[in-house]
Amino acid sequence: MTELERQLLKALESLEGGYRAQHAAWASAYSDLRQMFEATSTENRALRESVGSLSKQVLHLSGQVETLSQKLKP
């Protein structure tokens, strides 16, 4: 193997190592983003349920206020 071939092989191995490190970093970042997305989705689902429940309570209270208002009219 010539010196040029050794240098090219060393450069290729170095590039491969860099690629593997970059791929591992991207895979880790993707995993973290997926976990954050799942957590956010779960929290959003719970918030939607709470908003729905509160909306029903507001409608019920609004109906009660309207009924009381009608009863108090002369």
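Preceding block: the structure.
Residues numbered from 1 in each chain as written. Predicted model: local features only at pLDDT ≥ 70, side-chain atom pairs only at ≥ 80, totals over all residues. Heavy atoms only, no water.

### Brief notes about the overall build of the chain
- The helix and strand tally for the chain stands at one helix and zero strands.
- With the principal axes as the frame, the chain shows a C-alpha extent of 105 × 15 × 5 Å.
- Each of the 74 residues in the chain was classed as buried or not, and the buried ones make up 0%.
- Here the chain has roughly 7000 Å² of accessible surface; of this, 64% comes from carbon and sulfur atoms.
- The averaged location of the 9 negative side-chain charges in the chain is 15 Å from the averaged location of its 9 positive side-chain charges. (Helix = DSSP H or I, 4+ residues; strand = E, 2+ residues; numbered from the N terminus. Buried < 20%, exposed > 50% of the residue type's maximum accessible area, 1.4 Å probe, protein only. Areas by Shrake-Rupley, 256 points an atom, 1.4 Å probe, with all protein chains shown as cover. Lys, Arg positive; Asp, Glu negative; His and termini not counted. Charge placed at Lys NZ, Arg CZ, Asp CG, Glu CD.)

### Things to note about a nonpolar patch on the surface
- On the surface, Met1, Leu9 and Leu12 cluster together into a nonpolar patch covering about 320 Å² of accessible area.
- Inspection of the secondary structure puts leucine 12 in helix α1 (residues 3–72).
- For leucine 12, a relative accessible area of 54% translates into the label exposed. (Patch = residues over 30% accessible without salt bridge, like charges linked within 9 Å, V, L, I, M, F, W, Y side chains within 5 Å. Salt bridge = Lys/Arg side-chain N within 4 Å of Asp/Glu carboxyl O.)

### Points about the environment of asparagine 44
- Tracing the chain through its elements places asparagine 44 in helix α1.
- Using a relative accessible area of 36% as the deciding quantity, one classes asparagine 44 as partly exposed.

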